[in-house]
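So the chains spell out like this:
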Amino acid sequence: MSYLKKIEYKIVLKDSFWVIRNCPKCGRKTYFVNTKKFRINANGNKLDVWLIYQCEECKHTLNISIYERQKVSSIPKGEYQCFLNNDEQFAEMYGKNVQLFRKNKAAIDFEKANYDFVKLHETMEYGDFEEQVVIAVKNPYQLKIRPEKQIAEILGLPRSQVKNLLDKGKMELNTELPHFISISINSCQFHMDK
C-alpha cells in the first residue's frame, strides 16, 4: 500500500510592505516605511483616513489613503476607534494590504518583503497509487517569489538542486492558479524528511 502526503503552506509577511518612490526632500527615489500611525481629517460629516508612511532617510511623509470622503457612520465603530488610537496591529494589517497600495498607485518593493512559510496542515492518504508528496503554497500577498525559490526554501535545498530535480522529472510544478503553487514529488525517486 502506498501513500499520498499533502502539505499546505502559506506565505506570511513579517512586516509591512516598503514603498519606493521619489522623495521631494531627498530629491531622489527612497524607501518609505510604515509609521504604524493614521491621519484622520474631518470635513463636515465626511472623513478621510490615511496610513502614514515616511521616508526612511529624511522622515518626509506619504499618506496612503484608506477612506476618502466617507461618512463616519459608514466606518465600523471598532475600526474607527483603531484609527483614533493609532492601533499598531491595525496599521500593520493595512501595511500588508496589496490592494490598498495598488489603489494608491504606490510601488511596493517586493524584494524587501520579509516573509516566512507557515505550515497550515498535513494530510496522508493511503491507497493503490504511486508514493507521492504534494506541497501547496498559498501566496495571499502576491509576493513575486519564483516558484522554485519557494519550494527550495520550504525543503531547505539550494534552488539549483530544485531546478535540477524539476528538469529530471523527479518533481512536477503546477503554477496554473494565481497566488498558489503546488509541487508533486515522487517519493520513490526523492527522499523528503519534512
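Residues numbered from 1 in each chain as written. Predicted model: local features only at pLDDT ≥ 70, side-chain atom pairs only at ≥ 80, totals over all residues. Heavy atoms only, no water.

## Section: the pattern of salt bridges
Alright, step 1. Under the definition given, this model contains 9 salt bridges.
Alright, step 2. With a closest N to O distance of 3.0 Å, glutamate 8 and lysine 138 form a salt bridge. Of the two residues, glutamate 8 is situated in strand S1 (residues 2-13) and lysine 138 in strand S7 (residues 132-138); the sequence distance between them amounts to 130 residues.
Alright, step 3. Taking the relative accessible area as the measure of exposure, lysine 138 reaches 34% and is therefore partly exposed.
Alright, step 4. Between lysine 36 and glutamate 92 there is a salt bridge whose closest N-O contact spans 3.3 Å. On the criterion of sequence distance, the pair formed by lysine 36 in strand S3 (residues 28-43) and glutamate 92 in helix H2 (residues 88-94) is long-range, its members being 56 residues apart.
Alright, step 5. Classification of lysine 36 as partly exposed rests on a relative accessible area of 28%.
Alright, step 6. Here the salt bridges do not stand alone but share partners, grouping Lys5, Lys119 and Glu122 into one network. (Salt bridge = Lys/Arg side-chain N within 4 Å of Asp/Glu carboxyl O. Helix = DSSP H or I, 4+ residues; strand = E, 2+ residues; numbered from the N terminus. Buried < 20%, exposed > 50% of the residue type's maximum accessible area, 1.4 Å probe, protein only.)

## As for the packing of helix H4 (residues 147-155) against helix H5 (residues 159-167)
Alright, step 1. Two elements in contact, H4 and H5, have axes whose closest approach is 9 Å; the angle formed by their N-to-C orientations is 110°. Considering their axes alone, H4 and H5 lie roughly perpendicular with respect to each other. The handedness of the crossing between H4 and H5 comes out as right-handed. Listed contacts from H5 to Glu148, Lys149, Ile151 and Ala152 of H4 are Arg159, Val162 and Leu166.
Alright, step 2. For the contact of H4 with H5, the residue count by class is 4 nonpolar, no polar and 3 charged. (Axes fitted to C-alpha atoms, helices over the stretch in contact; angles between N-to-C directions. Parallel < 35°, antiparallel > 145°, perpendicular 65-115°, else oblique. Left-handed = near helix turned anticlockwise from the far one by under 90°. Contact = heavy atoms within 4.5 Å. Nonpolar A, V, L, I, M, F, W, Y, C, P; charged D, E, K, R; others polar.)

## Focus on helix H1 (residues 77-84)
Alright, step 1. Along H1, the positions that sit buried rather than exposed are Glu79, Cys82 and Phe83. Buried residues of H1 fall within an arc of 100° about the axis and therefore sit on the same side.
Alright, step 2. Remark: asparagine 86 follows H1 within two positions and exhibits a positive phi of approximately 50°. (Arc of directions from axis to C-beta.)

## Section: the pairing of strand S5 (residues 61-71)
Alright, step 1. Of the pairings in the sheet, the one linking strand S4 (residues 46-55) to S5 comprises 8 bridges and is antiparallel in character. Each bridged residue has a counterpart across the sheet, and for isoleucine 52 the counterpart in S5 is asparagine 63.
Alright, step 2. The antiparallel hairpin formed by S4 and S5 contains 5 residues in its connecting segment, where lysine 59 sits at a positive phi of about 75°. (Pairing = 2+ DSSP bridges.)

## With respect to the sheet that holds strand S2 (residues 19-23)
Alright, step 1. With antiparallel pairing, 4 strands are arranged side by side in an open sheet as S2-S3-S4-S5. The sheet is open, and its two edges are formed by S2 and S5, each paired on a single side. Ignoring which end each strand starts from, the neighbouring axes of this sheet average 40° apart.
Alright, step 2. Most of the contacts of H1 go to S3, to which it runs at about 120°, and overall it touches S3, S4 and S5.

## Looking at the confidence of the model for the protein
Alright, step 1. On average, residues of the protein score 88 in pLDDT, and 93% of them reach the 70 mark or higher.
Alright, step 2. Taken as a whole, residues 188-194 scores under 50 in pLDDT and shows 17 contacts with residues more than four places along the chain or in a different chain. (pLDDT = per-residue confidence, 0-100.)

## Structural notes on the packing of aromatic side chains
The description of an aromatic ring pair rests on the distance of the ring centres and on the angle between the ring planes.
Alright, step 1. Counted under the stated rule, the structure contains 12 aromatic pairs.
Alright, step 2. Ring geometry for phenylalanine 17 against phenylalanine 110: centres 5.8 Å apart, planes inclined by 75°, an arrangement best described as edge-to-face. With phenylalanine 17 in the loop between S1 and S2 and phenylalanine 110 in the loop between helix H3 (98-103) and strand S6 (115-127), this residue pair connects regions lying 93 residues apart in the sequence.
Alright, step 3. On the basis of an interplanar angle of 80° and a centroid distance of 5.7 Å, the ring pair of tyrosine 53 and phenylalanine 101 is categorised as edge-to-face. Pair noted here: tyrosine 53 is in strand S4 and phenylalanine 101 is in helix H3, with a separation of 48 residues, a long-range link. Of the two residues, tyrosine 53 and phenylalanine 101, neither departs from the other in class, the shared state being buried.
Alright, step 4. What links up through ring pairs into an aromatic cluster is the set Phe38, Tyr67, Phe83, Phe90 and Tyr94.
Alright, step 5. The ring centre of tryptophan 18 lies 4.3 Å from the NZ or CZ of lysine 112, which sits over that ring.
Alright, step 6. Note that lysine 112 overlies the ring of tyrosine 31, its terminal NZ or CZ placed 4.6 Å from the centroid. (Phe/Tyr/Trp six-rings, centres within 6.5 Å; stacked < 30°, edge-to-face > 60°. Lys NZ or Arg CZ within 6 Å of the ring centre and 35° of its normal.)

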